[in-house]
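Structural overview for review
Spelled out, the chains give:
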Amino acid sequence: MGNIPIFMRDDEVKEFVEQWGPLKAFNLVKDLTKPGQSKGYCFFEFATDDDRQIDELVDILTKQELLGRRLKVQRASIGKRPLEYN
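So, here's what we can say about the structure. (Residues numbered from 1 in each chain as written. Predicted model: local features only at pLDDT ≥ 70, side-chain atom pairs only at ≥ 80, totals over all residues. Heavy atoms only, no water.)

**Quick look at the overall build of the chain**
What counts is decided by this rule: Only DSSP runs of H or I covering at least 4 residues are called helices, and only runs of E covering at least 2 are called strands; the numbering of each starts at the N terminus. Burial status follows relative accessibility: with a 1.4 Å probe on protein chains alone, a residue under 20% of its type maximum counts as buried, one over 50% as exposed, and anything between as partly exposed. Contacts are assigned to residue pairs that have any heavy atoms within 4.5 Å of one another. In short, Shrake-Rupley with a 1.4 Å probe defines the accessible areas, and a residue's cover is counted only from the protein chains shown.
Scanning the chain from N- to C-terminus turns up two helices and four strands. Beginning at the N terminus, the succession of helices and strands in the chain can be written as α-β-β-α-β-β. Looking at the 86 residues of the chain, the share that counts as buried comes to 28%. Intrachain contacts of the chain at a sequence separation of at least 6 include 47% that bridge at least 24 residues. Total accessible area on the chain is roughly 6700 Å²; 49% of this is exposed by carbon and sulfur atoms.

Okay, structure coming up:
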(Lines give C-alpha, C1' and ligand atoms only; values in the text may rest on other atoms or scores of the structure.)
Protein backbone atom coordinates (compact mmCIF):
# COMPACT_ATOMS: atom_id res chain seq x y z
CA MET A 1 0.00 0.00 0.00
CA GLY A 2 1.42 3.36 -0.99
CA ASN A 3 0.88 7.07 -0.57
CA ILE A 4 0.94 6.80 3.24
CA PRO A 5 1.89 10.02 5.06
CA ILE A 6 5.59 9.57 5.92
CA PHE A 7 5.20 10.74 9.51
CA MET A 8 2.72 7.99 10.48
CA ARG A 9 3.94 5.27 12.86
CA ASP A 10 3.71 1.50 12.34
CA ASP A 11 0.94 1.07 14.90
CA GLU A 12 -1.17 3.84 13.35
CA VAL A 13 -0.99 2.44 9.83
CA LYS A 14 -1.51 -1.14 11.03
CA GLU A 15 -4.55 -0.11 13.06
CA PHE A 16 -5.97 1.64 10.00
CA VAL A 17 -5.59 -1.47 7.80
CA GLU A 18 -6.94 -3.80 10.49
CA GLN A 19 -10.31 -2.04 10.24
CA TRP A 20 -10.93 -4.33 7.27
CA GLY A 21 -9.66 -7.57 8.78
CA PRO A 22 -6.97 -9.24 10.87
CA LEU A 23 -3.44 -9.32 9.49
CA LYS A 24 -0.99 -12.20 9.21
CA ALA A 25 1.96 -9.88 8.52
CA PHE A 26 2.69 -6.14 8.38
CA ASN A 27 5.77 -4.04 7.55
CA LEU A 28 5.92 -0.25 7.20
CA VAL A 29 9.06 0.50 5.17
CA LYS A 30 11.30 2.99 7.02
CA ASP A 31 13.50 5.70 5.56
CA LEU A 32 16.80 4.97 7.29
CA THR A 33 18.21 8.37 6.30
CA LYS A 34 15.40 10.22 8.12
CA PRO A 35 14.72 8.89 11.64
CA GLY A 36 11.05 8.64 12.50
CA GLN A 37 9.89 8.67 8.89
CA SER A 38 8.71 5.95 6.58
CA LYS A 39 9.10 5.79 2.83
CA GLY A 40 5.32 6.14 2.51
CA TYR A 41 4.48 2.52 1.74
CA CYS A 42 3.93 -0.76 3.53
CA PHE A 43 3.43 -4.44 2.86
CA PHE A 44 0.82 -6.51 4.64
CA GLU A 45 -0.97 -9.81 4.38
CA PHE A 46 -4.53 -10.40 5.52
CA ALA A 47 -5.10 -13.47 7.69
CA THR A 48 -7.51 -14.97 5.14
CA ASP A 49 -6.46 -17.17 2.22
CA ASP A 50 -9.72 -16.53 0.33
CA ASP A 51 -8.62 -14.86 -2.94
CA ARG A 52 -12.06 -13.40 -3.64
CA GLN A 53 -12.22 -11.82 -0.18
CA ILE A 54 -8.71 -10.40 -0.57
CA ASP A 55 -9.63 -8.89 -3.96
CA GLU A 56 -12.68 -7.25 -2.34
CA LEU A 57 -10.52 -5.85 0.47
CA VAL A 58 -8.02 -4.44 -2.03
CA ASP A 59 -10.88 -2.78 -3.93
CA ILE A 60 -12.19 -1.25 -0.70
CA LEU A 61 -8.77 0.00 0.38
CA THR A 62 -8.04 1.61 -3.01
CA LYS A 63 -11.04 3.87 -2.41
CA GLN A 64 -9.80 5.02 1.01
CA GLU A 65 -7.96 8.15 2.05
CA LEU A 66 -5.56 8.36 4.95
CA LEU A 67 -5.15 11.87 6.34
CA GLY A 68 -6.30 13.36 3.04
CA ARG A 69 -4.12 11.16 0.83
CA ARG A 70 -5.70 8.66 -1.59
CA LEU A 71 -4.13 5.26 -0.97
CA LYS A 72 -2.59 3.14 -3.70
CA VAL A 73 -3.19 -0.54 -3.09
CA GLN A 74 -2.43 -3.58 -5.20
CA ARG A 75 -1.80 -7.24 -4.62
CA ALA A 76 1.82 -8.28 -4.57
CA SER A 77 2.82 -10.80 -7.18
CA ILE A 78 4.98 -13.75 -6.33
CA GLY A 79 6.97 -13.34 -9.51
CA LYS A 80 7.29 -14.93 -12.86
CA ARG A 81 8.74 -18.30 -13.51
CA PRO A 82 12.31 -18.13 -14.75
CA LEU A 83 12.81 -18.46 -18.47
CA GLU A 84 14.03 -21.84 -19.61
CA TYR A 85 16.77 -21.88 -22.19
CA ASN A 86 17.11 -24.87 -24.46
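Read on, since the account is not over.
**Observations regarding the environment of Pro 5**
Counting through the fold element by element, Pro 5 comes out in the segment before α1 (10–17). Spatially, the C-alpha atoms of Pro 5 and Gln 37 are 9.0 Å apart, while their sequence positions differ by 32 residues. The residues contacting Pro 5, other than those within four sequence positions of it, are Ser 38, Leu 66, Leu 67 and Arg 69.

**With respect to the packing of aromatic side chains**
Threshold: Stacked, tilted and edge-to-face pairs are distinguished by plane angle, under 30 degrees for stacked and over 60 for edge-to-face with tilted covering the rest, among Phe, Tyr and Trp rings (Trp via its six-membered ring) whose centres lie within 6.5 Å.
Counted by the stated rule, this structure contains three aromatic pairs. Between Phe 16 and Trp 20, the aromatic rings sit 5.1 Å apart at their centres with planes inclined by 65°, giving edge-to-face as the arrangement. Classification of Trp 20 as partly exposed rests on a relative accessible area of 21%. Aromatic side chains Phe 44 and Phe 46 sit 5.4 Å apart centroid to centroid with 85° between the ring planes, which places their arrangement in the edge-to-face category.

Purely geometric stuff here, so don't read any function into it on its own.
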